[in-house]
Protein chains: 2
Amino acid sequence: MGGESAGYVRGEGRNREQVAFELAVIDFFVAAADLLGVPKSVAILYGAVFASVEPVGFSDLERRLQLSRGSISQGIRVLREVGAIKPVGGNGDRIERFLPDMELRKIVDRWLVERLQRQVGTGRERLRSLARGIPGGRSASGRELRARVRQLQNWHDKAAAALPVVRGLLKIG
Amino acid sequence: MGGESAGYVRGEGRNREQVAFELAVIDFFVAAADLLGVPKSVAILYGAVFASVEPVGFSDLERRLQLSRGSISQGIRVLREVGAIKPVGGNGDRIERFLPDMELRKIVDRWLVERLQRQVGTGRERLRSLARGIPGGRSASGRELRARVRQLQNWHDKAAAALPVVRGLLKIG
DNA sequence: CAGCAAGTTCAATTCAAAATGAAATGAATA
DNA sequence: TATTCATTTCATTTTGAATTGAACTTGCTG
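These numbers come from a predicted model, not from an experiment. (Residues numbered from 1 in each chain as written. Chains lettered and ligands numbered in written order. Predicted model: local features only at pLDDT ≥ 70, side-chain atom pairs only at ≥ 80, totals over all residues. Heavy atoms only, no water.)

Structural notes on helix α1 (residues 16-36) of chain B
And then number 1: Taking 1.5 Å per residue, 21 residues should reach 30 Å; α1 of chain B reaches 30 Å between its end C-alpha atoms and fits that length.
And then number 2: Where α1 of chain B begins, one side-chain oxygen reaches toward the backbone nitrogen of Glu17 of chain B, 3.1 Å away; that side chain belongs to Asn15 of chain B. (Helix = DSSP H or I, 4+ residues; strand = E, 2+ residues; numbered from the N terminus. Expected span 1.5 Å × (residues − 1). Polar contact = N/O pair within 3.5 Å; in protein donor to acceptor, adjacent residues only side chain to side chain.)

As structure tokens, then:
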């Protein structure tokens, strides 16, 4: 258990249980992030925030995780931009501490839209101009190529239609 | 047009139209592959086969594309394994030539199953063992963490349920 | 204002995946 | 059997993304 993230987590004054839990959470997010093409360090940071009931600040992360300041700073930026973590004020000091935003839905949805929908959109363009350039006129080979491109368009349309459905299904109340 | 793949395509005795078409097709597949995390060279190879009415052999690819023998060999292997191209016999000579398998559906479906379904499966495991290790007993913090993990499970279940639906939607008759 | 703690930036480094190409294989041909 | 040519294998190289860390800001505190 905890093979992947093990090297990234430090004990640092927390008890065994807490550390083990953090480790397991981080593992989970590292696996998921890998699927979505998100950098490991970002997943580790999110996992650490997610696993902590207390809001977590920069120096907490620096202490608990084996990541450079640079990675922590950039990772935090990404996670904020994406809405995965939220700063909480009201500790008196000037340190920013974060809690996980539990609406994972929004994050995943944003990913779906930015990554898939954009590709689907430009795909439509490409296919159109591609269809215009089919060589071979009304010869047999022209007909064959036209059929192939039609297949591609067909498939593309299905994918485009599926996207909104997926977005709907993933909505979590 | 054809910015990405341009460097990989050679004229080699085909006419302008044909080359331009091949280029556009390759561009399309390179973009799609990038989305699915497939190596570029594999997409290029598939594009070249897809764009040709005549079955395409190793040496054709070697001539037409700026790819090493090694990449061509391995790319062909991947594409065959995955069912994206099919060998056609009957030319008298011993050279293997390929046609694209037009059932893209199967390829995408395989990808969905291997990549997503597997992750979803192991995710369930991880979440279960994770839930068992929640620290804090029946304290307030324990309750909070339990709620968070439940959210994760909830989300995970939705994703698991969405997968078959997607597979259904993408089926192209 | 000097000193310090918190965090950011970005050029340099590291690392893993992809691509290469030279040598090995193996099947057909002479 | 020797030769040739098509393809595969795999150790090395390349490439590009992720990560690091040292220098730099920013704003507090004595």
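There is more to say after this.
Digging into the relation of the copies chain A and chain B
And then number 1: Between chain A and chain B, the superposition needs a rotation of 180° and an axial shift of 0.0 Å, giving an RMSD of 0.1 Å. Look at the turn and shift together and you get a two-fold axis relating the two. Nearest to the rotation axis, the C-alpha of Val166 of chain A is located 3.6 Å from it, this being the minimum over chain A.
And then number 2: When the interface residues of chain A are mapped onto chain B, 100% of them are again interface residues, pointing to one common binding face. (Least-squares fit on C-alpha atoms with pLDDT ≥ 70 in both. Contact = heavy atoms within 4.5 Å.)

Looking at the sheet that holds strand β3 (residues 97-100) of chain B
All names here are of chain B.
And then number 1: Spatial strand order, β1-β3-β2: three strands in an open sheet with antiparallel pairing. Two strands bound the open sheet, and with one partner strand each, they are β1 (56-57) and β2 (85-88).
And then number 2: Contacting β1, β2 and β3, helix α2 (residues 40-50) crosses the sheet at an angle of about 85° to β3.
And then number 3: Contacting β2 and β3, helix α4 (residues 69-81) runs over the sheet at an angle of about 100° to β2. (Pairing = 2+ DSSP bridges. Axes fitted to C-alpha atoms, helices over the stretch in contact; angles between N-to-C directions.)

Some thoughts on the packing of helix α5 (residues 104-132) of chain A against helix α6 (residues 140-170) of chain A
Residue and element names in this part refer to chain A.
And then number 1: Taken N-terminus to C-terminus, the directions of α5 and α6 make an angle of 165°; their axes are 10 Å apart at the nearest point. In terms of axis orientation, α5 runs roughly antiparallel to α6. The hand of the α5/α6 crossing is left-handed.
And then number 2: The residue inventory of the contact of α5 with α6, partitioned by class, reads 14 nonpolar, four polar and five charged. (Parallel < 35°, antiparallel > 145°, perpendicular 65-115°, else oblique. Left-handed = near helix turned anticlockwise from the far one by under 90°. Nonpolar A, V, L, I, M, F, W, Y, C, P; charged D, E, K, R; others polar.)

A short note on the protein's contact with DNA strand D
And then number 1: Among the 18 residues in the neighbourhood of DNA strand D, the closest are listed as Ser41 and Ser71 of chain A together with Phe58, Arg69 and Ser73 of chain B.
And then number 2: Of all DNA strand D atoms lying within 4 Å of any protein atom, the proportion belonging to sugar or phosphate reaches 65%.
And then number 3: The backbone of Ser68 of chain A places a nitrogen or oxygen atom 3.2 Å from a phosphate oxygen of DNA strand D.
And then number 4: Between DNA strand D and Ser73 of chain B, the relevant distance is 2.9 Å, taken from a phosphate oxygen to a side-chain nitrogen or oxygen of the residue.
And then number 5: Secondary structure elements with two or more residues in the surface near DNA strand D: α2 (40-50) and α4 (69-81) of chain A together with α3 (58-64) and α4 of chain B.
And then number 6: Per-element tally for the surface near DNA strand D: the top contributor is α4 of chain B, with four residues.
And then number 7: Broken down by class, the residue content of the surface near DNA strand D amounts to four nonpolar, eight polar and six charged. (Near = heavy atom within 4 Å.)

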